[in-house]
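Topology and contacts: notes
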Amino acid sequence: MSREKRERLLEIARREDLLIFEDNPYGQLRFSGEPIPSIYSMDTEGRVIMLFTFSKVLSAGMRLAVLFVANEDLMEVLVRMKQASDLCTSKLTQHMAARYIKEYGMEGHLKEIREVYRIKRNAMIAALEKYMPRDAGISWTHPEGGLFLWVRLPEGIDTEEMFPRALERKVAYVIGNAFFVDGDGKNTMRLSFSLNTVEEIDEGIRRLAEVVREELAAKQVGNLVG
Ligand SMILES: Cc1ncc(COP(=O)(O)O)c(C=O)c1O
């Protein structure tokens, strides 16, 4: 979200007296471009709660998060809600994270993984450029951080329908439609570059491009060049 959008959102929250929950697990995974301040850091009225999770930077299995809450009254309510939902986050994983931070610190680790993900993002973009059919109206993002690319296929292609055919080739993605509240985004998908090696990313995109090519031919959409 751009700085302007963040400022505007805060403005609306002020005007309408709303709280903002800033779900921010990827903010520290920026590996290019200019850093943008969190909405939490722009807020002067205690109306933003920001979330950070260790799941994206230390280990996905930790299920351990940190809430940044400036408003103490709100904190009390949140603690009660948390207790009502699961009593308490595992103490074992809390100790693991605390020990890691104490012994190694987070900054060095973050610096290291940012570089790893930058390389993997570049590998995925290079593979898409190499294998995806050209001139078929396919586009993808060039994210400045995080773990994902957003791919848009031509209208008429349904990534949910295509999914089993990708799975047959042992490639999976998140069906884009899941990210929309209004049933839109049927021709989109989210690709993750976090887990696989650069070589696997290349092979995975090669296979996915084959599936897309077949889908385009079957649906007779796009101009199949390249
Ligand atoms: C945007 C966003 N927020 C929160 C989470 C939850 O992380 P956790 O593993 O700590 O529950 C995820 C993980 O998938 C995420 O993508």
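Higher on the page you've got the structure.
This report concerns the structure included in the present document. (Residues numbered from 1 in each chain as written. Predicted model: local features only at pLDDT ≥ 70, side-chain atom pairs only at ≥ 80, totals over all residues. Heavy atoms only, no water.)

**A few points about the packing of aromatic side chains**
- Enumeration over the complete set of coordinates arrives at eight aromatic pairs.
- With a centroid separation of 5.2 Å and an interplanar angle of 75°, the aromatic rings of F52 and F54 are classed as edge-to-face. Judged on exposure class, the residue F52 and its partner F54 are both buried.
- With 6.3 Å between their ring centres and 40° between their planes, W150 and F180 make a pair best called tilted. (Phe/Tyr/Trp six-rings, centres within 6.5 Å; stacked < 30°, edge-to-face > 60°. Buried < 20%, exposed > 50% of the residue type's maximum accessible area, 1.4 Å probe, protein only.)

**Examining the packing of helix α5 (residues 107-131) against helix α7 (residues 198-219)**
- Two numbers describe how α5 lies on α7: the axes approach to 9 Å, and their chain directions differ by 35°. Regarding α5 and α7, the two cross each other, and that crossing is right-handed. Taken together, the residues of α7 that come into contact with α5 (itself represented by I119, K120, A123, M124, A127, L128, K130 and Y131) are V198, I201, D202, I205, R206, A209 and R213.
- When its residues are assigned to classes, the contact of α5 with α7 shows 10 nonpolar, no polar and five charged. (Axes fitted to C-alpha atoms, helices over the stretch in contact; angles between N-to-C directions. Helix = DSSP H or I, 4+ residues; strand = E, 2+ residues; numbered from the N terminus. Left-handed = near helix turned anticlockwise from the far one by under 90°. Contact = heavy atoms within 4.5 Å. Nonpolar A, V, L, I, M, F, W, Y, C, P; charged D, E, K, R; others polar.)

**Side note on helix α6 (residues 159-168)**
- Every buried residue of α6 is listed here: T159, M162 and A166. Buried residues along α6 cover an arc of 60° about the axis, so they all sit on one side.
- On its buried face, α6 is in contact with β6 (174-175), β7 (188-192) and α7.
- For α6, the N-terminal cap is D158; the gap from its side-chain oxygen to the backbone nitrogen of E160 is 2.9 Å. (Arc of directions from axis to C-beta. Polar contact = N/O pair within 3.5 Å; in protein donor to acceptor, adjacent residues only side chain to side chain.)

**Focus on the pattern of salt bridges**
- Applying the stated criterion to the full structure yields 18 salt bridges.
- A salt bridge links D86 to K82; its shortest N-O distance comes to 2.7 Å. Of this pair, D86 and K82 are both found in helix α3 (residues 72-86), four residues apart, which corresponds to roughly one turn of the helix.
- Its relative accessible area of 37% is what places D86 among the partly exposed residues.
- Note that R206 and E210 form a salt bridge whose closest N and O atoms lie 2.8 Å from each other. One end of the pair, R206, and the other, E210, are both in helix α7, four residues apart, so they sit about a helical turn from each other.
- Judged by its relative accessible area of 30%, R206 falls in the partly exposed class.
- Owing to a relative accessible area of 33%, E210 belongs among the partly exposed residues under this scheme.
- In this structure, a network of salt bridges that share partners links the residues R169, E203, R206, R207, E210 and E214. (Salt bridge = Lys/Arg side-chain N within 4 Å of Asp/Glu carboxyl O.)

**What about unusual backbone geometry?**
- Residue D17 is not a glycine yet carries a positive backbone phi of 55°.
- Here D17 is to be found in the loop between α1 (3-16) and β1 (20-23).
- Phi is positive for K170, which is not a glycine, with a value near 65°.
- Considering the arrangement of structural elements, one finds K170 in the loop between α6 and β6.

**Let's talk about the site of the ligand**
- Close contacts around the ligand come from D23, P25, Y26, T53, S55, K56 and R63, and that covers them all.
- One of the side-chain N or O atoms of D23 is found 2.8 Å from a nitrogen atom in the ligand.
- For the ligand, whose free accessible area comes to 400 Å², the fraction covered by protein is 65%.
- Residue composition of the shell around the ligand, grouped by class: two nonpolar, two polar and three charged. (Near = heavy atom within 4 Å. Areas by Shrake-Rupley, 256 points an atom, 1.4 Å probe, with all protein chains shown as cover.)

**Description of the pairing of β1**
- With burial as the criterion, only one face of β1 is covered, namely that bearing I20 and E22; the residues F21 and D23 on the opposite face remain uncovered.
- As paired elements, β1 and strand β2 (residues 48-53) share four bridges and run parallel to each other. In the sheet register, I20 faces β2, and the bridge partner there is V48. (Pairing = 2+ DSSP bridges.)

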